[in-house]
Every structure is written in structure tokens, then in C-alpha cells.
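Letter by letter, the chains look like this.
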Amino acid sequence: MSILVRQGRLVDPVGGIGGIMDILIENGKIAVIGSDLSSSDAQVLDAHGLIVCAGLVDLHAHLCEPAGGDAVNVGAKAAAAGGFTSVACMPDLPGILDTPGEVKALTVRAGMAQRTGARVWPVAAVSEGRRGYAVNDYAALKKAGAVALCDASPIRNANLMRDAMILAHRQGLTLLACCEDADLCQDFAVNEGRISRRLRIPGRPAIAEELQVMREVMLAEETGAAIHICHVSTAKAVAIIRRYKRKGVRVTCGTCPQYFTFTEDEVLTQGATARVCPPLRTAADVEGIIEGLKDGTIDVIASGHVPRSQEETALPLAKAPGGMASLETAFAATLTALYHTGEMRPSDILRKMTTNPAWILRLPNMGRLAVGSEADLILFDPNEQWTVEPEKFVSSAHNTPFAGRTLIGKIKCTLVGGEIVYPSKE
């Protein structure tokens, strides 16, 4: 089936495409981009007043829906509702992605999910069982379909991390690092500082993240491997990465909307709902994250989606697991915090949510508008206001500190491979 997207304002940070234009989609690919296009048998999507761009690429999501069932399918649908057309699935599913068989099984599930949601790309575990003792067979994992490597938790063993970087480099796989020194942060609930002292509970010090970031970038410099630092949350971590980027080290990094939207004070009113890993930090850290986004030090904005059950978020702050359901709010929260405050242009935001993550994951046909590329597109209204109602999420998880807040920017339509997957036809 052909689709004609008509009269949308195209934004493509790489190709430089802009202005009011049409897109003709045929056989799942972008066939023509131009003005006043026509097709007698195409379904017409009226994009007047909307921005049309490549579908968002989420570099970091945990598809572990708490309600059970096919979590990958539910996660793919939730991603499409939030404007994501590609999602890198972390390896901490029920059934760890640490063998070729597990990776292949996920690719089968992902193929089924893509009929009604986003593409799901497997990120395989760095170490066997994600235990941090022995590296996996990266050649076999890549052959099975893995697009990157991550343990979805900090790796304590520096020798293992060094070996992993060398082996990943040989296979052309990017290693994604979750950076906190586990001995320093131990599973404490909040940032160490004013709020932890007020609550009289132990805190996770910023230095726990910064030490681990320093270790990873130094190892990347020594090995020549590509390393991506996930969910950066402190201003000093940004400064470390900035310095090593200037030295030519192959380091990229990302953050999530909560780290440029909220401060540690949020836990005083929201409790476990505002518990994330790493924790929300200080106002100075929020400023550092925004500066890193603006000057290009931070390459990616990811959802960091970690769905939790109501029972889990109802636990006391110190006992509840961290995480927030964010696939359906990440883009709007980013537009609200960065575009509508004048901090960043839409094209710069989109670069960090489309082309940059696709490049890091080595997915050359994703995250861009170009004739011949996959017809993964979104249509959104950058100015539409809406109130976050978690009970209406596609995700079965409702854990979000954005509940009840007004966000600006609304996804109106998501296409994956030339098929409309949001709004759902079901």
C-alpha cells in the first residue's frame, strides 16, 4: 500500500531537508520527497500544521512489562505511542540476552511486535549471565542479531571491561556502559547530599558515577574501542566526557529527560515514583546536563524506560526498585524542557533522538529522511499541550514522576516500514 504524507513541515538534521513538503511512501520505503506530489491509489495523511521527521531511535529501554505476557509486544506498542520507531532492548529480560539462542528468540518476537509497534533491536549482555565474571562470544551474538553490548548494570571488574572493549572493537560492536561504582552506591535510593541527610538515609554519591565514567573513558582511550556512557546525570561526568572527546577518544554519551527536568527534591513529594538509577541530582547537575546537551558533549537523549508494577512503587523509598515508565513521555518531556524553554532547536533535539543513536547502534537505514530509506516516520504537533495520565499508557506500567503534569508536544501518527502503528488500528 502507498501512503502520501501531505503538507507537513519536514525536519531532517542530517540531510538538511526542511520546509512544507510531501512524502510518498511505497513498499515500506520513502519513494519521493517533494512538493505537490500525487498518487491515485495512495492513502493520504494530512500533515498540515505538523512536523514530519524520521522516527525516534531509543538507545536505552528495558522491555520488562510487570503485567507479564508478551512484554516485547507491549513495549513496542508503547514505544510507537511515544514516537519511537526503533528501540534498543536491554538484555535484562526474563531470559537474559547472553546467548545466540536468546538473541535469535528476541528477534523473532521483535518481528511479530513490529506489525503493531516499533522495531526492537537486541542488545546482548557483555558478560555471561550479566554476572561480570566472563565475557560472552561477541562474534556469535552479533551473527544472531545483536546490535550492541551492555550488562544493564555496572561492571565491577576493570579487567573484564578492558577485555570486553577489545573484543567488541574487533566485532564492530559498540559497548554501552552503565556507570556507577557499585561499592559506593550499593542500591541506595537517593542522591547523597541535602535530601539524603534530610531523609536520614544513605545516598548514592555523584563520585560513584564520575569514577566509573573516568575508568571507562580511560579504557576506551587505551583500547581504541567505542564506548557509550548511558544515562549521564552529573555535571562532573559531563566535564570528564567533554575532555576525553576533545582528546579524540571514541566516547559518546546519553542522558534521559528526568536528568534535565527534575532535581533530587522530587523524592520529597513523589517518594519511590521519583526513584531512578542513577538518582536525580542537584540543580547544578541539571544545569550541567543541559549545557552538555547544548554544546554537543551529550550525543543522545534516551527514554531509559524501566516499567515497574504498582506494588513495587508502593514500597517505601529505600526498598523500592528504581525506574520509570518513560517511552510515552520522553519526547514530549524533552520538547517541554528544552524546546519550549528556548534552550534547543527542534532539529538539534531530533539529532539526539534519531540520527545520533542510530549511528551509535550502527543502524544506517534508521533515523533519517532520505529517498530509499525505511519509511519510519512520525508526525507530531510541537505545540499541543496534554496532561500525563499514566492509567492511559499503552505500557502496563504507570510509574512516572510526570503524572498529572502538562507536557507540550504530541505524537499524532507513527509509521514503521510504511505501516501506521500509532494510532493503533485495534
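Predicted, not measured: the structure shown is a model, and the values here were computed from it. (Residues numbered from 1 in each chain as written. Predicted model: local features only at pLDDT ≥ 70, side-chain atom pairs only at ≥ 80, totals over all residues. Heavy atoms only, no water.)

Q: Describe helix 7 (residues 206–223), naming the residues involved and giving the relevant values.
A: Two residues of an α-helix separated by three or four positions point the same way, owing to the 3.6 residues in each turn. For helix 7, with 18 residues, the first-to-last C-alpha span of 26 Å sits near the 26 Å given by 1.5 Å per residue. Looking at helix 7, one finds that the buried residues are A208, E209, E210, Q212, V213, R215, E216, V217, L219, A220 and T223. Where the residues of helix 7 are buried, they touch helix 4 (158–171), strand 10 (174–177), helix 5 (182–185), strand 13 (227–229), helix 8 (235–246) and strand 14 (251–255). (Helix = DSSP H or I, 4+ residues; strand = E, 2+ residues; numbered from the N terminus. Expected span 1.5 Å × (residues − 1). Buried < 20%, exposed > 50% of the residue type's maximum accessible area, 1.4 Å probe, protein only. Contact = heavy atoms within 4.5 Å.)

Q: Provide a residue-level description of the sheet that holds strand 13, including the pertinent values.
A: Across the sheet, which stays open at both edges, the eight strands sit in the order 6-7-8-9-10-13-14-15 with parallel pairing between neighbours. Since the sheet does not close on itself, it has two edges, and those belong to strand 6 (56–61) and strand 15 (300–301), each with one partner. With two bridges connecting them, strand 8 (residues 119–124) and strand 9 (residues 148–149) associate as parallel partners. Considered in strand 9, the bridge of V123 is made with A148. (Pairing = 2+ DSSP bridges.)

Q: So, the packing of helix 7 against helix 8: which residues are in play, and what are the values?
A: The contact between helix 7 and helix 8 brings their axes to 9 Å, and the two run at 10°. When the interaxial angle is binned, helix 7 and helix 8 end up roughly parallel. Between helix 7, through E209, E210, V213, M214, V217, M218 and E221, and helix 8, the contact on the second element is made entirely by K236, A237, I240, I241, R243 and Y244. The class makeup of the residues in the contact of helix 7 with helix 8 is eight nonpolar, no polar and five charged. (Axes fitted to C-alpha atoms, helices over the stretch in contact; angles between N-to-C directions. Parallel < 35°, antiparallel > 145°, perpendicular 65-115°, else oblique. Nonpolar A, V, L, I, M, F, W, Y, C, P; charged D, E, K, R; others polar.)

Q: A description of the state of the cysteines should follow, citing residues and the corresponding values.
A: If you walk through the whole model with that rule in mind, you get zero disulfides. C178 supplies the cysteine sulfur nearest to C150, a cysteine that is in no disulfide, at a spacing of 3.9 Å. Overall, C150 belongs to the buried group, its relative accessible area being 1%. (Disulfide = S-S within 2.5 Å.)

Q: Give a description of unusual backbone geometry that names residues and reports values.
A: Residue P278 is bonded to the preceding C277 through a cis peptide linkage, with omega at -5°. Mapping P278 onto the fold places it in the loop between helix 9 (266–270) and helix 10 (283–294). The amide bond that connects Y422 to the next residue, P423, takes the cis arrangement and shows omega of 0°. Considering the arrangement of structural elements, one finds P423 in the segment after strand 18 (419–422). We note that Q186 has phi near 50°; this positive angle belongs to a residue other than glycine. Residue placement: Q186 occurs in the loop between helix 5 and strand 11 (190–191). The backbone of H231 shows a phi angle near 30°, a positive value even though the residue is not glycine.

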